[in-house]
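Residues per chain, in single letters:
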Amino acid sequence: MRYIFAWISAMLMTGSAFAQELVGQPTPGALGFQPAATRIMERVNDFHNYLLVIITVITIFVLALLIWVCIRYNRRANPEARKFSHNTTVEIIWTAVPVIILVAIAGPSFSNLFYQENEPDLELIAQSGDLDDPNIYVDAAKEGWITIKAEGMGNWAWTYYYMDELDSEGYPLQYVSNGIHFGLPSDPAPTPEKPLYLATDYPMVIPVNRYIRYQTTSDRVIHAWTVPAFGVKTDAVPGRLNEGWFLVEQTGVFYGQCSELCGKNHAFMPIEVRVVPQDQYDRWLEVMKSGDIDRATEMVQVIDSNGEETRLASVE
Ligand SMILES: [Cu+2]
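Every value quoted in this text rests on a predicted model; they were computed, and no experiment measured them. (Residues numbered from 1 in each chain as written. Predicted model: local features only at pLDDT ≥ 70, side-chain atom pairs only at ≥ 80, totals over all residues. Heavy atoms only, no water.)

Peer 1: Help me out: how do you make sense of the overall build of the protein chain in this one?
Peer 2: Helix and strand content of the protein chain: seven helices and 10 strands. Across the 316 residues in the protein chain, those meeting the buried criterion constitute 40%. Considering only contacts within the protein chain whose residues lie at least 6 apart along the sequence, 62% involve residues at least 24 apart. (Helix = DSSP H or I, 4+ residues; strand = E, 2+ residues; numbered from the N terminus. Buried < 20%, exposed > 50% of the residue type's maximum accessible area, 1.4 Å probe, protein only. Contact = heavy atoms within 4.5 Å.)

Peer 1: Please clarify how the coordination of the copper ion should be interpreted in this entry.
Peer 2: Coordination angles at a metal have ideal targets, namely 109.5 degrees for four tetrahedral donors and 90 or 180 degrees for six octahedral donors. Bound to the copper ion on the protein side are H223 (ND1), C258 (SG), C262 (SG) and M269 (SD), at distances that span 2.0 to 2.7 Å. If you list the donors of the copper ion from N- to C-terminus, the spacing comes out as H-x34-C-x3-C-x6-M. Residue H223 is located in strand β6 (residues 223-227), and its partner C262 is located in the loop between β9 (252-257) and β10 (270-276); the two are separated by 39 residues in the primary sequence. Grouping residues by exposure puts H223 and C262 together as buried. (Donors = N, O, S within 2.8 Å, 3.2 Å for Na, K, Ca; no water.)

Peer 1: Got a minute to help me understand the sheet that holds strand β4 (residues 204-207) in this structure?
Peer 2: Pairing between sheet strands relies on hydrogen bonds along the backbone, with the strands arranged either parallel or antiparallel. The three strands lie next to each other as β4-β10-β9, forming an open sheet whose pairing is mixed. One side of each edge strand has no neighbouring strand; the edge strands of this open sheet are β4 and β9. Going across the sheet, the axis of each strand differs from the next one's by a mean of 25°, ignoring polarity. With six bridges connecting them, β9 and β10 associate as antiparallel partners. Bridging across to β10, Q257 finds its partner in P270. Against the sheet, helix α6 (residues 278-289) makes contact with β4 and β10, and its axis sits at roughly 135° relative to β4, the strand it touches most. (Pairing = 2+ DSSP bridges. Axes fitted to C-alpha atoms, helices over the stretch in contact; angles between N-to-C directions.)

Peer 1: Whenever I open this one, the sheet that holds strand β1 (residues 146-153) confuses me. Can you help?
Peer 2: Reading across the sheet, the five strands line up as β3-β2-β1-β5-β8 and stay open at both edges, with mixed pairing between neighbours. Each having just a single partner strand, β3 (172-178) and β8 (242-246) make up the two edges of the open sheet. The mean inter-strand angle of the sheet, taken between neighbouring strand axes irrespective of direction, is 25°. Pairing of β1 with strand β2 (residues 157-166), which is carried by six bridges, proceeds in the antiparallel orientation. Paired with E151 across the bridge in β2 is T159.

Here it is as structure tokens:
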């Protein structure tokens with residue numbers, strides 16, 4: 001028993017120690033979800049913890065009931081079984097209690113789904129925003145939406161389109177983001193900045209504290225655009241445009257992977273999002289529009305060399 005407690009406390013400690021160092025990626029031995037970077041994920045996390053309590057109580061109750069029945073009503077303890085087959089009180093309880101439990105689960109579940117699925121009305125928030133409401137961001141609402149489309153590619157990559165940013169030829173800014181690890185001997189060695197099976201060559205870049213509207217679609221098969229720390233997971237379906245939103249409250253590098261069984265290289269379709277201060281984002285956009293994608297990516301690549309600090313330093 002002592003060892004179990006030691007193990008659990010060690011796991012909890014490693015989990016939180018890692019959580020401070022590595023934001024936005026899975027950590028060995030951690031428990032629960034990745035630390036939340038958006039309000040959506042905070043709500044998902046709270047809901048998960050709430051469900052955990054309900055599930056634990058139900059499981060313990062059922063187990064206790066089974067043990068009680070085994071002891072109290074086995075052949076030796078209760079040789080003469082009684083012959084009745086109905087008990088109105090018990091039947092009312094076992095109908096009503098599950099209904100109450102389901103309502104208790106459905107309530108917060110629906111409100112979370114509604115929050116996640118419905119784009120907030122930024123004009124309304126900007127005009128009459130309540131600064132104490134943790135669910136709305138008045139300053140960000142005044143800045144408006146940034147719309148980014150993530151298209152899943154048949155050749156295991158994502159193409160990002162910045163729908164409102166036009167390049168020199170008048171098309172929306174776009175580029176392909178490829179994973180850099182495919183399990184081949186020729187792959188570059190993983191580093192803290194480029195973790196195995198998560199790093200990409202040209203990451204998606206977004207500014208911190210801004211309302212991001214993401215759209216997903218696909219060219220051939222069904223993929224899913226997923227970033228666990230943001231609490232978003234949306235199917236990318238050929239011929240459809242699915243949509244969602246999020247607002248990231250901290251700078252850093254966040255990773256995800258395609259979450260649909262899309263083909264043999266499904267596991268090598270990583271998503272890397274760099275969340276940078278607004279001024280860095282503006283400069284990145286400028287250089288991207290000039291066509292120099294490598295220099296633009298360099299500008300948002302700065303991480304502390306030992307990899308312990310994932311917040312991006314400001315780039316001159
Ligand atoms: Cu995929």
